[in-house]
Amino acid sequence: MKTTNRFFTAIAAMLLLFSSFTFSQENQPKPKYYTVTTMHFNLDNDSDANWVDVEKEYLDKVTMKNEYIMGVGFYTHLYTSNSTDVKYVQVYDSWEAIDKAAARNTELEKEAWPDEMARDKFLKTQGNFYTHKHSDEIYRVLPNSKPFSGKFTDNSIVYVRTSHFSYPENTVQGELSKLHIEYVENVINKNDLIKAYYPHRHFWGHNSTEFLEAFFLDSMDDLAKLSDKNRELIMAHWADPEARKTFFQSYNKYFTGIHGDEIYSVIPSLRK
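Please read these numbers as outputs of a predicted model, since none were measured by experiment.

**Q** Mind showing me how you'd approach the side chain of T38 here?
**A** Relative to the helices and strands, T38 resides in strand β1 (residues 33-40). T38 gets classed as buried once you look at its relative accessible area, which sits at 12%. A polar contact of 2.7 Å, which involves the side chain of T38, links it to the side chain of K87. If we skip the residues at most four places from it in the chain, T38 touches D85, V86, K87, K133, H134 and S135.

**Q** Which parts of the structure should I look at to understand the nonpolar core?
**A** Within soluble globular proteins, side chains that are nonpolar tend to cluster in buried spots. Membership of the largest hydrophobic core comes to 27 residues, with the highest contact counts inside it found for W51, F74 and Y130. Elements with a contribution of two residues or more to this core: β1, α1 (51-61), β2 (71-79), β3 (85-92), α2 (95-112), α3 (116-127) and β8 (255-271). Per-element accounting of this core gives the leading share, five residues, to α2. Among the nonpolar cores identified, the runner-up in size contains 25 residues, and L176, L179, V187 and L217 belong to it.

**Q** What should I look at first to understand α1 in this one?
**A** Three- or four-residue spacings in an α-helix give side chains the same orientation, since the helix completes a turn every 3.6 residues. If you check which residues of α1 are buried, you get W51, V54, E55, Y58 and L59. Each buried residue of α1 lies within a common arc of 135° when the element is viewed along its axis, so the set occupies one face. Next to the buried residues of α1 lie β2, β3, α2, α3 and β8. The N-terminus of α1 is capped by N50, whose side-chain oxygen sits 3.0 Å from the backbone nitrogen of V52.

**Q** Please explain the sheet that holds strand β6 (residues 196-204) as it appears in this structure.
**A** Two modes of strand pairing occur in sheets, parallel and antiparallel, and in both the strands are linked by backbone hydrogen bonds. What the eight strands build is a closed barrel, ordered β1-β3-β2-β8-β5-β7-β6-β4; its pairing is antiparallel. When the angles between neighbouring strand axes are averaged without regard to direction, this sheet yields 35°. Examined bridge by bridge, β2 and β8 share five bridges and lie antiparallel to one another. Note that in β8 the partner of H77 across the bridge is Y264. Contacting β5 (157-165), β6, β7 (210-217) and β8, helix α4 (residues 175-188) runs over the sheet at an angle of about 155° to β6.

**Q** What exactly am I supposed to notice about the packing of α4 against helix α6 (residues 241-252) here?
**A** When two helices pack together, their arrangement is given by the angle between the helix axes and the distance between those axes. Where α4 meets α6, the axes come as close as 10 Å, and the angle between the chain directions of the two elements is 130°. By the criterion of interaxial angle, the relationship of α4 to α6 is oblique. Note on packing geometry: the crossing formed by α4 with α6 is left-handed. In this structure, α4 contributes E175, L176, L179, H180, E182 and Y183 to the contact, and α6 contributes F247, F248, S250 and Y251. Here the residues of the contact of α4 with α6 sort into six nonpolar, two polar and two charged.

**Q** Before we go on, may I ask you to explain the environment of T162 in this structure?
**A** Along the chain, T162 turns up in strand β5. Filtering out sequence-adjacent residues up to four positions away, T162 remains in contact with E210, F211, L212, I258, H259 and G260.

**Q** When you look at the pattern of salt bridges in this model, what are you seeing that I'm missing?
**A** Side-chain pairing between opposite charges can occur once the charged atoms of the two side chains come close. Overall, the coordinates contain 10 salt bridges when judged by the stated rule. Close ionic contact of R104 with E111 constitutes a salt bridge, the shortest N to O distance being 3.8 Å. On the basis of relative accessible area, R104 is assigned to the buried category, the value being 18%. Assessed through its relative accessible area of 53%, E111 is described here as exposed. A single network of salt bridges, built from pairs that share partners, joins E67, R104, E107 and E111.

**Q** Looking at this structure, I do not really get the packing of α1 against α3. What am I missing?
**A** Between α1 and α3, whose axes approach to 10 Å, the crossing angle comes to 130°. Judged by the inter-axis angle, α1 sits oblique to α3. For α1 against α3, the interelement crossing comes out left-handed. Contacts from V54, E55, E57 and Y58 in α1 reach F122, L123, T125 and Q126 in α3. Classifying every residue of the contact of α1 with α3 by side-chain character gives four nonpolar, two polar and two charged.

**Q** Sorry if this is basic, but what is going on with the layout of surface pockets here?
**A** It is the rolling of a water-molecule-sized probe over the atoms that shows where space remains empty. Estimated volume of the largest pocket: approximately 820 Å³. In terms of lining, the largest pocket is formed by 36 residues, of which the most central are Y34, V36, V89, H200 and A214. Mapped by element, the contributors of at least two residues to the lining of the largest pocket are β1, β2, β3, β4 (135-141), β5, β6, β7 and β8. The greatest single-element share of the lining of the largest pocket, amounting to five residues, is contributed by β8. For the lining of the largest pocket, the residue count by class is 19 nonpolar, nine polar and eight charged.

Calculation notes
- Residues numbered from 1 in each chain as written.
- Predicted model: local features only at pLDDT ≥ 70, side-chain atom pairs only at ≥ 80, totals over all residues.
- Heavy atoms only, no water.
- Helix = DSSP H or I, 4+ residues; strand = E, 2+ residues; numbered from the N terminus.
- Buried < 20%, exposed > 50% of the residue type's maximum accessible area, 1.4 Å probe, protein only.
- Polar contact = N/O pair within 3.5 Å; in protein donor to acceptor, adjacent residues only side chain to side chain.
- Contact = heavy atoms within 4.5 Å.
- Core = buried A, V, L, I, M, F, W, Y, C linked by side-chain atoms within 4.5 Å.
- Arc of directions from axis to C-beta.
- Pairing = 2+ DSSP bridges.
- Axes fitted to C-alpha atoms, helices over the stretch in contact; angles between N-to-C directions.
- Parallel < 35°, antiparallel > 145°, perpendicular 65-115°, else oblique.
- Left-handed = near helix turned anticlockwise from the far one by under 90°.
- Nonpolar A, V, L, I, M, F, W, Y, C, P; charged D, E, K, R; others polar.
- Salt bridge = Lys/Arg side-chain N within 4 Å of Asp/Glu carboxyl O.
- 1 Å grid on protein atoms, 1.4 Å probe; cavity = no way out; pocket = protein on both sides within 12 Å on 5 of 7 lines; lining within 4 Å.
- Points joined across faces, edges and corners; volume = space filled by probe spheres on them.

Structure, rendered in structure tokens:
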């Protein structure tokens, strides 16, 4: 990506909020948003500069000082469809903060590199790590997350599962929210392999049916154990086979059954 600013520029209009059967936002903290920029490493870049060092300099001089950005993370390909993938994720506490962050970002770049030639040189070096092709998405953070605690290491990973909403007729208001809460409280929150869990859904982007779940884990070894531990917790909470069957039939009717799985490495030093 060759732009000198990785924030979205002004967006013309708000989208409609979720349809009535999706997760309730009542009694929840102020809604937050993720912006996800998918970039690709430029394999033809012959610079002697180190990618982590350059991005760390930008993080320290610009992103860390931008009051409109709540958090930032870089995630690189581990098991995805494209080995050049880089996900650049930013977190905001409001829709308006996305646009305000863009202007503030530009101001901080000028403060960090007052000399225009030096600034242009740095941003060119930074931009050359990526190809021109990139895509941008905005996701709405949903309730029932499991906040991260502890420290990231070089072995930390994030497993991203992308499901797709279906739109069944004669749905019960609030049913999906209730079912999701029950699952999170009795499976995800009790699974100590899951260090953090963030469910979010499409707000602005190419596919309005997307429901993404990001699971942060300490290692690939823990990912290999994840399904067995989840299954153990499911069997414990829904010990009665009929109750278990009823729950998952009710829950699964809200999804198409089609999903995708991706695994990314966490870059601990490039986080806010």
